[in-house]
Amino acid sequence: MLILSSNSPRRQELLTGLDIPFKVFVIDGIDESFPDTLPASEVAEYIAVKKATPYAERIKGTENIVLTADTVVVCDGEIMGKPSDENDAHRMLRKLSGKTHQVYTGVCLTSEGCQRHFTVKTDVTFRELTDDEIWHYIRKYKPLDKAGAYGIQEWIGYIGITNINGSYYNVMGLPVQRIYRELDSIRAKA
């Protein structure tokens, strides 16, 4: 059984699209801190592996696989997590406006005695956004639960994103193509 450790509706929707049965189980209160010296490109994978640690004891003696993931948006070296409020969301979107940034999703697949982890990177380019567009998006779509303060599948993605180099689904929060390949490889070895 595949266990998704995420309450994110987007991650659940994406994993459902793979036609692989799974259940959702989340252990709350997991520390998601990371060393300040860690390169931004490695943060998401570091956190995904850290999130997996509390599940190891729970899956002993089973054939379950736990999927943990974390996504970070990086622009000009700044890691942009979830905004603290609307003003922080505005600051983030203003910074992303007219630039190319990176979205890194780290994934960890953990089973008894085995762990695979990896990072998928996607480059995303926004056209120059107006303040009216940014505030409209923030007020209508409430992106406070999204890394970088945006969802590519929402209005801001429709009107603002001019280029994507890499996986669209990675930007949504789960690189399903790579996850499918990894799970298929695990099944083949079983």
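Above this text is the structure in question.
Here is a short report on the structure shown in this document. Here the structure is a predicted model, which means the values were calculated and not measured.

Quick look at the layout of surface pockets
- Taken as a whole, the largest pocket spans an internal volume of roughly 730 Å³.
- In terms of lining, the largest pocket is formed by 35 residues, of which the most central are Arg11, Lys51, Asp70, Thr71 and Lys82.
- Of all elements in the fold, only helix H1 (9–16), helix H2 (40–52), strand S3 (65–75) and helix H6 (168–172) reach the threshold of two or more residues within the lining of the largest pocket.
- Ranked by residues supplied to the lining of the largest pocket, first place goes to S3 with four residues.

Describing the nonpolar core
- Counting residues in each nonpolar core, the largest one holds 40 residues, and the members touching the most others are Leu67, Leu93, Leu96, Tyr150, Leu174, Ile179 and Leu183.
- In terms of residues, this core owes the most to one element, S3, which gives five residues.
- Setting aside residues no more than four positions away along its own chain, isoleucine 179 makes contact with Leu18, Leu67, Val107, Phe118 and Leu174.
- Counting eight residues, the second-largest nonpolar core is a separate cluster that includes Ala40, Val72, Val74 and Tyr104.

Remarks on the packing of helix H3 (residues 86–96) against helix H4 (residues 131–141)
- Running from amino to carboxyl end, H3 crosses H4 at an angle of 135 degrees, the nearest separation of the two axes being 10 Å. By the angle class used here, H3 and H4 are oblique. At the point where H3 passes H4, the crossing takes the right-handed sense. Two secondary-structure elements touch here, H3 through Glu86, Asn87, Ala89, His90, Leu93 and Arg94 and H4 through Asp131, Ile134, Trp135, Tyr137, Ile138 and Arg139.
- Each residue belonging to the contact of H3 with H4 can be placed in one class, and the counts come to six nonpolar, two polar and four charged.

Concerning the pairing of S3
- Buried residues dominate S3, accounting for 11 of its 11 residues.
- Covered by surrounding structure in S3 are Ile65, Leu67, Ala69, Thr71, Val73 and Cys75 together with Val66, Thr68, Asp70, Val72 and Val74, the residues of both alternating faces.
- Sheet topology note: the strand S1 (residues 2–4)/S3 ladder contains three bridges and is parallel. What sits directly across from leucine 2, in S3, is isoleucine 65.
- Looking at chain direction, S3 and strand S5 (residues 100–111) are connected through nine bridges and run antiparallel. Its bridge partner lying in S5, aspartate 70 is registered against glycine 106.

Cut-off values and rules
- Residues numbered from 1 in each chain as written.
- Predicted model: local features only at pLDDT ≥ 70, side-chain atom pairs only at ≥ 80, totals over all residues.
- Heavy atoms only, no water.
- 1 Å grid on protein atoms, 1.4 Å probe; cavity = no way out; pocket = protein on both sides within 12 Å on 5 of 7 lines; lining within 4 Å.
- Points joined across faces, edges and corners; volume = space filled by probe spheres on them.
- Helix = DSSP H or I, 4+ residues; strand = E, 2+ residues; numbered from the N terminus.
- Core = buried A, V, L, I, M, F, W, Y, C linked by side-chain atoms within 4.5 Å.
- Buried < 20%, exposed > 50% of the residue type's maximum accessible area, 1.4 Å probe, protein only.
- Contact = heavy atoms within 4.5 Å.
- Axes fitted to C-alpha atoms, helices over the stretch in contact; angles between N-to-C directions.
- Parallel < 35°, antiparallel > 145°, perpendicular 65-115°, else oblique.
- Left-handed = near helix turned anticlockwise from the far one by under 90°.
- Nonpolar A, V, L, I, M, F, W, Y, C, P; charged D, E, K, R; others polar.
- Pairing = 2+ DSSP bridges.

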